Amino acid sequence: MRPGLILSWALITLVALWALVPGVFTGYDPIAGTPAEKLRAPGPGHLFGTDAVGRDLFARVVHGAVHSLSGAFVAVAVGLLLGTLLGLVAGSVRGALDEIVMRVVDVLLSVPGLLLALTVIILLGPGTVNVAVAVGVGSVASFARLARSEVVRVRRTDYVEAAFGSGGRFAAVLWRHVLPNSLVPVVALAALQFGVAILAISTLGFLGYGAEPPTPEWGLLISEGRNYLATAWWLTTLPGTVVVAVVLAASRISRSIGREDG
Amino acid sequence: MSGSARYLLSRAGQAVLVLWAAFTAGYVLLQLLPGDAILIKFQNPELGLSPEQIAEIRSYYGTDGPGAYLHTLLGFLRGDFGYSIDTGTPVAERLAEGLPATAKLAGTAFALAVLIAVAVAFASCHTRLSRLRGALQAVPSLFVSVPAFWLGIVLIQVFSFRLRLVPVIGGSEVQQLLLPVLTLAVPISAPIAQILARSLDQVRAQPFVPVVAAKGASPGWILWRHVARNALPPTLTVAGLTFGELIAGSVVTETVFGRNGVGRLTEQAVNAQDTPVLLAVVVLAATVFVLVNLVVDLLYPVLDPRLRRAVA
C-alpha cells in the first residue's frame, strides 16, 4: 500500500469513529454554546475556534460526521441497489427490455445530478433522508450503465455458458456466477459515489434543503459561517477543508479497488 | 454520402427521443403527482377556496384533464412553458430574463475550464521533474473534490475581504464576473484535464510517434500535428459531458454570489415548490446537454478521418 492510500483509509476510519463515538473526540456540546466564548479564533482550547453563539466548531464538525456519513450511505445504497438491479436485468435479459432500460438511463444521464436531486426534493419535500434519497436517485444511471456492461461481459464467458449447459436455472446462474463476477467495478464506483454523495449532500444542505438548524450538518455549518466571512474565516474554511479531505480520501480508495498494487 | 446522412438522421432522432422522454418523465413527476404546487399554494384554509374553485384554477393553469399533457407538450414545442405558480408570470419570460446572465457566466467558465485543463494536462505530460508531475496529476482529483459553494466562499474571503482586490458589492462587470467564473470553472476543468492527460500519455506511447521522430520531426511538430490531434476526440467527448455540470454548477454559483440567472431561478423555484419553473429548467438543461453531445458526436468523423469510412 502506498502512503496516500494508508492516509485515506486512516482518515475515513477517523471520520467513521467521529460518527460512531463523537464523545471520545470532543468534550464540548455541539448544540449548546458558551456565549462568553463567542467567535474565538482556532487555538489550544478550541481547535477549530468557536461560532457566533460560542459553540465549539470542532465539536460541531465531529458531531456532524454522522449526518454526512449516514446520508452518503443511504444515497449510495439507493443508487447501488436500484442501479445494479436495472443493469443486471438489462444485461442478462437483453432484447426489448434492455433497450427500454438503457433509454431510461440515457434520459437520467441527460439531466444534471443536482437538478435531478432538486426534482426529487420538490416532490418529497426537504429533510435529511429525502436529500439522501434524492442524491441516490441521481447516481442510479451510472450504476445501471456500469453493471450492465459488466454483466454483458461476464455472460459471454465460458464458465457462465458451462453453468447454463450443466442445467443451471436462469436466476440461479445470475445470482451465483454473473452477479459476483460483475461486482468489482461496481464496488469501486460505490466508493467513488460515496465521496460524490458527501459533496452533493453538503451542497443541498448549504442550499437549505437538508437538516434544520441547529443540526451540525457540514453543508449547513458552512452556510451559517457565511455571515461572518469578514471576521471569522475559520467558520467556513475549516469545515470545508474536512469535506474536501473526506471526498479526496474516498476517491483515492475507489481508485485502489480492483487494482493489486493499490 | 447516403450512409452519413442516415447516421446524422438516426443520431438526431435518438436525441429527439431522449428529449421527449425527459419531458414526459419530468411532466409525470412534477405535474401529475399529488401534492403539486397548486394545492400547496391554494389549499391554505385562510384563502377559503372551495375544491371546485381549486379545480377551476387548475384548469386555468392547464394542469388538469386528459388533454393537459398534450397541451403542455405542444406549448413546450412552441416555447410556451406555462405560468409560474409562485409569481403568476409566464415561465418563458422568467427564463428569458435569467438566460443571458447565466449564458455569460457558464460560457466564460467553460472557456476558462478548458484553458486550465489544457495547461494542467500539457504541463503534467511534459515536465521532467517527477515530483511536479505527481503533483500535477493529483490536481484533477483535488479540483473535483472541492465543493463549489465552499470554493466560492473561500474566494470571496481571500480576494474580497483579505486582499481587497474584488469589491463585494458594485465594481465593474469584469470584477463581478471574476470570482463566480473561477468557482464554476474549477470543478468543470477536472474531468477534462484528467482525460486529456491520459489520452496524451496513451498516444505518445504508440509506435507511430518514434517513427515520426526518426523521420526528423521536431518535438513541437510531433506534439501538435500528431499527439494533440489524436488526443482530441476523447477530450471533446468529456468536455461535452461537462455541460450538464455547468448548468447544475450555476445553481450553486449564482446562489453563493447573489447573481440573478437561471440557477438562482431554479433555487427559488424549489423553495416555492414552483413545479412549472423547475420542469422548464430541467427540460432546458436536458436540451442543452443533448444538443451539445449530438454536435460532439457529429464532429467525430470530421476530426478523425478513419471514422468517416466506418460511418459511410
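Cut-offs applied
Residues numbered from 1 in each chain as written. Chains lettered and ligands numbered in written order. Predicted model: local features only at pLDDT ≥ 70, side-chain atom pairs only at ≥ 80, totals over all residues. Heavy atoms only, no water. Helix = DSSP H or I, 4+ residues; strand = E, 2+ residues; numbered from the N terminus. Buried < 20%, exposed > 50% of the residue type's maximum accessible area, 1.4 Å probe, protein only. Contact = heavy atoms within 4.5 Å. Areas by Shrake-Rupley, 256 points an atom, 1.4 Å probe, with all protein chains shown as cover. Axes fitted to C-alpha atoms, helices over the stretch in contact; angles between N-to-C directions. Parallel < 35°, antiparallel > 145°, perpendicular 65-115°, else oblique. Nonpolar A, V, L, I, M, F, W, Y, C, P; charged D, E, K, R; others polar. Left-handed = near helix turned anticlockwise from the far one by under 90°. Buried area = accessible area lost by both parts, 1.4 Å probe. Polar contact = N/O pair within 3.5 Å; in protein donor to acceptor, adjacent residues only side chain to side chain. Domains from an automatic or database assignment. Salt bridge = Lys/Arg side-chain N within 4 Å of Asp/Glu carboxyl O. Phe/Tyr/Trp six-rings, centres within 6.5 Å; stacked < 30°, edge-to-face > 60°.

A. Structural context of the overall build of chain B. A tally of regular secondary structure across chain B gives 13 helices and zero strands. Counting helices and strands in the order they occur from the N terminus, chain B gives α-α-α-α-α-α-α-α-α-α-α-α-α. Classification of the 312 residues of chain B by burial places 44% in the buried group. Put simply, of all contacts in chain B between residues at least 6 apart along the chain, 71% involve residues at least 24 apart. Within the structure as shown, chain B displays about 16100 Å² of accessible surface, and the carbon and sulfur contribution to it stands at 66%.

B. Inspection of the environment of M102 of chain A at higher detail. All names here are of chain A. Its place among the elements puts M102 in helix α4 (residues 95–110). What makes M102 buried here is its relative accessible area of 11%. As for M102 and G87, which are separated by 15 residues in sequence, their C-alpha atoms are 8.5 Å apart. With near-sequence residues (within four places) excluded, M102 lies in contact with A90, R145 and R148.

C. Structural view of the packing of helix α1 (residues 3–20) of chain A against helix α3 (residues 57–93) of chain A. All names here are of chain A. The contact between α1 and α3 brings their axes to 7 Å, and the two run at 95°. Between α1 and α3, the angle falls in the class roughly perpendicular. Here α1 contributes V15, A16, W18 and A19 to the contact with α3, which in turn contributes F58, V61, V62, A65, V66 and L69. Tallied by class, the residues present in the contact of α1 with α3 amount to ten nonpolar, no polar and no charged.

D. Here's a closer look at the packing of helix α5 (residues 113–124) of chain A against helix α11 (residues 262–271) of chain B. Direction vectors running N to C along α5 of chain A and α11 of chain B enclose 20°, while the axes themselves pass 9 Å from each other. Relative to α11 of chain B, the element α5 of chain A lies roughly parallel. For the pair α5 of chain A and α11 of chain B, the crossing hand works out as left-handed. Contact with α5 of chain A, carried on its side by L115, L118, I121 and I122 of chain A, involves T266, A269 and V270 of chain B of α11 of chain B and no other residues of that element. Tallied by class, residues from the contact of α5 of chain A with α11 of chain B come to six nonpolar, one polar and no charged.

E. Representation of the interface of chain A and chain B in the model. Contacts between the two partners involve 37 residues from chain A and, on the opposite side, 42 residues from chain B. Of the roughly 3400 Å² buried at the junction of chain A and chain B (both faces included), carbon and sulfur atoms supply 77%. Among the residues chain A hides against chain B, the three largest losses belong to L115, I122 and L229 of chain A. Together they make up 19% of the total. Inspection of the region where chain A meets chain B yields seven residue pairs in polar contact (both at pLDDT 80 or more). If you list the elements that add at least two residues to the side of chain A that touches chain B, you get α4, α5, α8 (170–207), α9 (218–225) and α10 (234–256) of chain A. Broken down by element, the residue count for the side of chain A that touches chain B peaks at ten residues, all from α10 of chain A. Looking at the side of chain A that touches chain B residue by residue, the classes come out as 23 nonpolar, eleven polar and three charged.

F. Structural detail: the side chain of R11 of chain B. All names here are of chain B. Examined against the element boundaries, R11 turns out to sit in helix α1 (residues 2–32). Residue R11 is classed as buried on the basis of its relative accessible area, which comes to 16%. Among the polar contacts listed, one links the side chain of R11 to the side chain of Q14, at a separation of 2.9 Å. In contact with R11, not counting residues within four places along its chain, are N293, L294 and D297.

G. Examining the domain arrangement of chain B more closely. All names here are of chain B. Domain boundaries assigned for chain B yield domain 1 (1–86 + 275–312) and domain 2 (100–271). With 15 residues of domain 1 in contact, the opposing surface of domain 2 contributes 17 residues. Both faces combined, the contact of domain 1 with domain 2 buries some 1300 Å², and carbon together with sulfur accounts for 78% of it. It is F289, Y300 and L303 in domain 1 that bury the most area against domain 2; as a group they hold 33% of the surface buried on that side. At the boundary of domain 1 and domain 2, one finds zero salt bridges. Here domain 1 is connected to domain 2 by two residue pairs in polar contact (both at pLDDT 80 or more). Elements with a minimum of two residues in the side of domain 1 that touches domain 2: α12 (275–303) and α13 (305–311). Looking at the side of domain 1 that touches domain 2 element by element, the count peaks at 13 residues for α12. The residue inventory of the side of domain 1 that touches domain 2, partitioned by class, reads 13 nonpolar, one polar and one charged.

H. Layout of the environment of T255 of chain B. Tracing the sequence through the fold places T255 of chain B in helix α10 (residues 219–257). Considering only alpha carbons, one finds T255 of chain B and V166 of chain B, 89 residues apart in sequence, at a separation of 18 Å. Apart from residues lying up to four places away in sequence, T255 of chain B is in contact with L207 and R226 of chain A together with R264 and E267 of chain B.

I. Quick look at the pattern of salt bridges. One pass over the full model with this rule turns up 13 salt bridges over all chains. Between R11 of chain B and D297 of chain B there is a salt bridge, with the nearest N and O atoms lying 2.6 Å from each other. Of this pair, R11 of chain B sits in helix α1 while D297 of chain B sits in helix α12, and the two are 286 residues apart along the sequence. Residue D297 of chain B is classed as partly exposed on the basis of its relative accessible area, which comes to 25%. Where salt bridges share partners, they join D51, R55, R60 and E224 of chain A into one cluster.

J. Here's a closer look at the packing of aromatic side chains. Residues and elements named next belong to chain B. On inspection of all chains with the given rule, the structure shows eleven aromatic pairs over all chains. Taken together, a centroid distance of 4.8 Å and an interplanar angle of 50° make the contact between F76 and F81 tilted. By relative accessible area, F81 is classed as partly exposed at 22%. An aromatic cluster of three or more residues is present, and its members are F23, Y27, F76 and F81.

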